[in-house]
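Structural overview for review
One letter stands for each residue in the lines below.
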Amino acid sequence: MTQFLEIHPENPQDRLIRKAADVVRSGGVLAYPTDSGYAIGCALGNKQGIDTIAKIRKLPPKHDYTLICHDFSQVGQMTIVDNKTFRLLKSLTPGPYTFILKGTKEVPRIMLNAKKHTVGVRIPKHKITQALVNEIGEPLMSSTLILPGQSEPEVNGWQIRDQIGYLLDAIIDGPCGAEGPTTVVDVTSGIPEIKREGAGAVDFIG
């Protein structure tokens, strides 16, 4: 049975955060709120979890997934970041941005772009998400929860439960940003390139 965890947005209950983290550690898939709508995630390298996410979203085989990180130390462990790029990331995170970077050997192969060896990373500005990733102790393999036929992420836990709850192991119910998906910035060349305009402003491009 799917766990429906109502977590306080400002003071996430440790007990419930541990429950959600245990779902991930045990190979489960969960939906959780972020600063730019709901996302769906699983543990690093969880092939069955990725297959479930792809089934729910009807994703193509070469879809690019994102690493949800707690802090810059996790970003640095998983990706190659030069000083200029680090300053850019530092100025824009935490927030509604996904950055495309070259992955390190720490990133499971199933997450890397097969040709470019890149991966998306982001640090959300959301206390529940931050608490969850901190408890897990490593980045969360994730994708924005945009259901087939829709163009915007889901924003209500109870609607997710009604629509696809039977496919999930847990749903975290909590408020999230409703400004749309993240802004995606490719920084692999050292020069920021906007791949998708979303919730994050792009006035840093000059």
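Residues numbered from 1 in each chain as written. Predicted model: local features only at pLDDT ≥ 70, side-chain atom pairs only at ≥ 80, totals over all residues. Heavy atoms only, no water.

**Some details on the overall build of the protein chain**
Condition: The secondary structure listing takes helices from DSSP runs of H or I that are at least 4 residues long and strands from runs of E that are at least 2 residues long, numbered from the N terminus. Two things to know: the radius of gyration comes from C-alpha atoms, and the globule rule equals 2.2 Å times the number of residues to the power 0.38. A simple rule labels every residue: compare its accessible area, found with a 1.4 Å probe on the protein chains alone, to the largest value its type can have, and call it buried under 20%, exposed over 50%, or partly exposed in between. Note on contacts: a residue pair is in contact if any heavy atoms of the two residues lie within 4.5 Å.
Within the protein chain, the secondary structure is distributed over six helices and 10 strands. On C-alpha atoms alone, the protein chain measures out to a radius of gyration of 16 Å, which is about the 17 Å that the 2.2 N^0.38 rule sets for 206 residues. On the principal axes, the C-alpha backbone points of the protein chain span a range of 45 × 35 × 35 Å. Counting all 206 residues of the protein chain, 52% fall into the buried class. Considering only contacts in the protein chain between residues 6 or more positions apart, those separated by 24 or more positions represent 64%.

**A look at the packing of aromatic side chains**
For clarity, the threshold we go by: Working definition: a ring pair exists when centres of Phe, Tyr or Trp rings (six-membered ring for Trp) sit within 6.5 Å. Plane angles under 30 degrees give stacked, over 60 give edge-to-face, the rest tilted.
Overall, the coordinates contain two aromatic pairs when judged by the stated rule. Measuring from centroid to centroid gives 6.1 Å for Tyr97 and Phe99, while their planes differ by 20°, and the two rings are stacked.

**A word on the nonpolar core**
Stated formally: Among buried residues, the Ala, Val, Leu, Ile, Met, Phe, Trp, Tyr and Cys ones that are joined through side-chain atoms within 4.5 Å form a nonpolar core.
Leu67, Phe99, Met111, Leu145, Ile160 and Leu168 are the most contacted members of the largest nonpolar core, which totals 39 residues. When contributions to this core are tallied by element, the ones reaching two or more residues are strand 3 (37–42), helix 2 (47–57), helix 3 (72–78), helix 4 (83–92), strand 5 (97–102), strand 6 (118–122) and helix 6 (157–164). Considering every element that reaches this core, the biggest residue donor is helix 2, with four residues. Setting aside anything within four residues of it in sequence, one finds Leu168 in contact with Thr2, Val29, Ala31, Ile40, Ile56 and Ile160.

**Quick notes on the side chain of Thr104**
Quick note on the threshold: Polar contacts, as counted here, are pairs of nitrogen or oxygen atoms within 3.5 Å of one another; within protein the pair requires one atom able to donate a hydrogen and one able to accept it, and residues that are adjacent in sequence qualify only if both atoms are side-chain atoms.
Looking at where Thr104 falls in the secondary structure, it is placed in the loop between strand 5 and strand 6. Of note is the side chain of Thr104, whose polar atom sits 2.8 Å from the backbone oxygen of Gln77. Leaving out residues up to four positions away in the same chain, Thr104 has contacts with Gln77, Met78, Thr79 and Ile80.

**Re empty space enclosed by the protein**
To keep it simple, the criterion reads: Residues are said to line a cavity or pocket when one of their atoms sits within 4 Å of a point; the points come from a 1 Å grid over protein atoms alone, cavities being sets where a 1.4 Å probe fits but cannot get out and pockets being open sets with protein on both sides within 12 Å along at least five of seven lines. Grid points are joined across faces, edges and corners, and a volume is the space filled by probe spheres set on the points. Under the convention adopted here, Pro, Cys and the residues Ala, Val, Leu, Ile, Met, Phe, Trp and Tyr are nonpolar, Asp, Glu, Lys and Arg are charged, and Gly plus all remaining residues are polar.
Scanning the model with the defined rule gives one cavity of 30 Å³ or more in all. In terms of lining residues, the largest cavity is bounded by Phe72, Val75, Leu89, Thr93, Phe99, Val121, Arg122 and Ile123. Secondary structure elements with two or more residues in the lining of the largest cavity: helix 3 and strand 6. Partitioned by chemical class, the residues of the lining of the largest cavity number six nonpolar, one polar and one charged.

**A closer look at helix 5 (residues 127–136)**
In plain terms, the rule: Here the arc refers to the directions that run from the helix axis out to each C-beta atom.
Among the residues making up helix 5, those that are buried are Ile128, Thr129, Leu132, Val133 and Ile136. Projected down its long axis, helix 5 shows its buried positions confined to an angular sector of 125°, all on one face. Elements in contact with the buried residues of helix 5: helix 1 (14–25), strand 2 (30–34), strand 4 (66–68), helix 3, strand 7 (140–144) and strand 8 (170–173).

**Looking at the UniProt feature "domain: YrdC-like" (unreviewed entry) in the protein chain**
Worth spelling out the cut-off: UniProt positions are given in the numbering used here, feature names are shortened, and annotations may be inferred rather than shown by experiment.
Under the UniProt annotation, "domain: YrdC-like" (unreviewed entry) lies at residues 14–200. Between the C-alpha atoms that bound residues 14–200 there is a distance of 30 Å. The span itself is 31% helix and 22% strand.

**Considering the side chain of Thr66**
Relative to the assigned elements, Thr66 resides in strand 4. Beyond its immediate chain neighbours, meaning those up to four positions away, Thr66 contacts Thr98, Met111, Gly120, Val121, Arg122, Leu140, Met141 and Ser142.

**Regarding the layout of surface pockets**
Over the atoms rolls a probe the size of a water molecule, and its path tells where empty space is left. Of the volumes computed, that of the largest pocket is approximately 500 Å³. Forming the walls of the largest pocket are 28 residues, and the residues nearest its centre are Asp64, Thr66, Thr98, Val184 and Arg196. Mapped by element, the contributors of at least two residues to the lining of the largest pocket are strand 3, strand 4, strand 5, strand 6, strand 7, strand 9 (183–186) and strand 10 (193–196). Among the elements that make up the lining of the largest pocket, the one with the highest residue count is strand 6 (four residues). Residue classes in the lining of the largest pocket are distributed as eight nonpolar, 13 polar and seven charged. In this structure, the second largest pocket spans a volume of roughly 330 Å³. Looking at the second largest pocket, it is lined by 17 residues, and the ones nearest its centre are Pro61, Lys62, His63, Ile110 and Leu112. Tallied by class, residues from the lining of the second largest pocket come to 10 nonpolar, two polar and five charged.

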